[in-house]
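Single-letter residue listing:
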Amino acid sequence: MDILKTLLVVDKTSTIPVYLQIANAFIQKIHEGRFRKGLKLPGSREMAGLLKVNRMTAVAAYQELDAQGWIELIPRKGTFVKVHPSVEKPAKLGDRLAPLRLPEKPGFHYDTKRVRPLYAMDFPPAGKIVLYDGGFPDVRLAPIEELARRIRSLARIAANKKYLMYGNAQGTLFLRETLADFLCDTRGLNVTADNILITKGAQMGIYIASSILLQHSDAVVVGTPGYVGANNTFRQLGARIHYVPVYEDGIDVDAVEKLCRKRKIRMVYVIPHHHHPTTATLSPDKRIALLRLAAKFRFAIIEDDYDYDFHYGGKPMMPMASVDRKGNVVYIGTLTKSLAPAIRLGFIVAPVEFIRVATHLRKSIDTQGDSLVENAVAELYKDNTITRHIKKSLKLYKDRRDHFCRLMEEELQAYVSFKVPDGGMSVWTRFTKHSLPILSRQAFDKGLIMRDGTDYDTPAVQYNSVGLGFASLNDREQERAIGILKNLLAG
């Protein structure tokens, strides 16, 4: 069938895959009568030779024609143009060759307001400095090479091939046991592997826990200013949010009690250690008072301890979960702050019954975690790699905090007010003379990325404040960032 060489023309510069070009050309020739019904076609090897394409391309073209019902493959006889094609009047070739693009809007109805939008920063553009709201670790310090070596080493062991299969949605036993020992030694949590669920970061933990606890219109108490990601989750679940102030010694527990006496409170969300975004630490007496309220009014406490390890003024305070005797606390943490934001590992610690339910919900969201990565991280805990990394990072971040706050004091004193934080990775900063939303836009144009602070505002309060992250920036980068702010504020 040398005629194929003239009837079927392949354009290898086209964006349309070659096998589809061949299949579409066949369909056109069948409609034109060039290829009669019942015609025997050359084999894939011969076809490839005639058209000067790879044989697998010819095979793919025949498979496409067969799938569309234009040809039939008869064993021991060959490939034939189908006598009765499944489609009698297909679209014009021009339409078939046009690239398929999804429409902007779906062809079905759904509630566009059901999912609340939440700001998510993309990977930062090259050349820009990021004063990320709340701060994040310096990924240049992360022990990624050690983690990669552990993953490769574990993957070579035959017994570990099972971790490439489906497994336990609760997380690998090795990581949960290792984490239980670590939490006991460092945070006084007397727990076992059965009390732990591994998640993809703290945010997944907040979503899972609150999804179990909350029903539509349930009352949730949060501190203000507070963590936007958690508040958005609670609203997404249909909860009614009640705000109470956050002072230098943490959330206003007296205000929580007043709310409990007026209405049924289902849950209190609290960040007792370095509250986001102000970095305030909940005092010991307030912690005890909140636990007593939870026992009395039978509400759950979600204790978000997202950056426990990064405290610069002596040893950090033990979590409320370590002294909870009534089972009211659901403790949530993350390993992301110790490693890198892209290493999505977090955990929920709670009574076994709650963890069992949470595991079922986690499985419906994401069948399981990354088992090899989980075990590799457990290895890094076992050989103290992560402990050494935390100690090294803690010293460095303290130096960076001091340098950043000194720059703020020397260069921006006339324009901002702030308190040197005892922990965390950012400085809660109020701009006293300039509109933060306007400043944020101007800063971006000058190469500095910072949030505009409006996420923290409530109907009652506009803070004009934002957390300026210092941990991820070396001295030179900090100086450049503060220099940009100074020029804008003084201009």
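Presented here is an overview of the structure given in this document. Because the structure is a prediction, the values reported are computed rather than measured. (Residues numbered from 1 in each chain as written. Predicted model: local features only at pLDDT ≥ 70, side-chain atom pairs only at ≥ 80, totals over all residues. Heavy atoms only, no water.)

1. Focus: the overall build of the protein chain
Link 1 in the chain: Looking only at helices and strands, one finds 16 helices and 16 strands in the protein chain.
Link 2 in the chain: Radius of gyration (C-alpha) of the protein chain: 30 Å, far over the 23 Å computed for a compact globule of 491 residues.
Link 3 in the chain: Principal-axis analysis of the C-alpha atoms places the extent of the protein chain at approximately 90 × 60 × 50 Å.
Link 4 in the chain: Expressed as a percentage of the 491 residues in the protein chain, the buried residues total 50%.
Link 5 in the chain: Only carbon and sulfur atoms are counted for the fraction: they give 53% of the accessible area of the protein chain, which is about 25,500 Å². (Helix = DSSP H or I, 4+ residues; strand = E, 2+ residues; numbered from the N terminus. Rg over C-alpha atoms; globule rule 2.2 N^0.38 Å. Buried < 20%, exposed > 50% of the residue type's maximum accessible area, 1.4 Å probe, protein only. Areas by Shrake-Rupley, 256 points an atom, 1.4 Å probe, with all protein chains shown as cover.)

2. A few points about the sheet that holds strand S11 (residues 329-334)
Link 1 in the chain: Spatial ordering of the open sheet is given by S5-S12-S11-S10-S9-S6-S7-S8, a layout of eight strands whose pairing is mixed. Pairing within the sheet leaves two strands with one partner each, and these edge strands are strand S5 (196-199) and strand S8 (250-251).
Link 2 in the chain: Relative to strand S12 (residues 346-349), S11 is paired through four bridges, and the arrangement is antiparallel. Paired with Gly333 across the strands is Phe347, a residue of S12.
Link 3 in the chain: Where helix H9 (residues 228-236) meets the sheet, its contacts fall on strand S6 (219-224), strand S7 (240-247) and strand S9 (265-270), and the angle it forms with S7 comes to roughly 160°.
Link 4 in the chain: Across the sheet, helix H12 (residues 352-365) is in contact with S5, S11 and S12; its angle to S5 comes to roughly 25°. (Pairing = 2+ DSSP bridges. Contact = heavy atoms within 4.5 Å. Axes fitted to C-alpha atoms, helices over the stretch in contact; angles between N-to-C directions.)

3. Re the sheet that holds strand S16 (residues 465-469)
Link 1 in the chain: Taken in spatial order, the three strands of this open sheet run S13-S14-S16, and their pairing is antiparallel. The open sheet is flanked by strand S13 (416-418) and S16, the only strands paired with a single partner. If you compare each strand with its neighbour and ignore which way they point, the axes differ by 35° on average.
Link 2 in the chain: Of the strand pairs in this sheet, strand S14 (residues 426-431) and S16 are connected by five bridges, and their pairing is antiparallel. Counted as the bridge partner of Arg430 is Ser465 from S16.

4. Details of the packing of aromatic side chains
Link 1 in the chain: Considering all chains together, one arrives at nine aromatic pairs under this definition.
Link 2 in the chain: Taking 5.5 Å as the distance between ring centres and 65° as the angle between the ring planes, the aromatic pair formed by Phe234 and Tyr269 counts as edge-to-face. Remark: Tyr269 occurs in strand S9 and Phe234 occurs in helix H9; sequence separation between them is 35 residues.
Link 3 in the chain: The class for Phe234 is buried, based on a relative accessible area of 0%.
Link 4 in the chain: By the ring-pair criterion, three or more aromatic residues cluster together here, those being Trp428, Tyr456 and Tyr463. (Phe/Tyr/Trp six-rings, centres within 6.5 Å; stacked < 30°, edge-to-face > 60°.)

5. A short note on the pairing of strand S3 (residues 78-81)
Link 1 in the chain: As defined by bridge partners, strand S1 (residues 40-41) adjoins S3 across two bridges and the pair is classed as antiparallel. Residue pairing in the sheet places Leu41 in a bridge with Thr79 of S3.
Link 2 in the chain: Note: strand S2 (residues 71-74) against S3, four bridges, orientation antiparallel. Looking across to S3, one finds that Ile71 is bridged to Val81.
Link 3 in the chain: Between the antiparallel neighbours S2 and S3 lie three residues, among them Arg76 with a positive phi of about 65°.

6. Quick look at the packing of helix H10 (residues 253-262) against helix H11 (residues 284-297)
Link 1 in the chain: As a packed pair, H10 and H11 sit with axes 10 Å apart at the nearest point and diverge in direction by 10°. It follows that H10 is roughly parallel to H11 by the angle criterion. Each of Val253, Val256, Glu257, Cys260 and Arg261 in H10 lies in contact with H11, whose residues at this interface are Lys286, Ala289, Leu290, Leu293, Lys296 and Phe297.
Link 2 in the chain: Residues belonging to the contact of H10 with H11 are distributed by class as follows: seven nonpolar, no polar and four charged. (Parallel < 35°, antiparallel > 145°, perpendicular 65-115°, else oblique. Nonpolar A, V, L, I, M, F, W, Y, C, P; charged D, E, K, R; others polar.)

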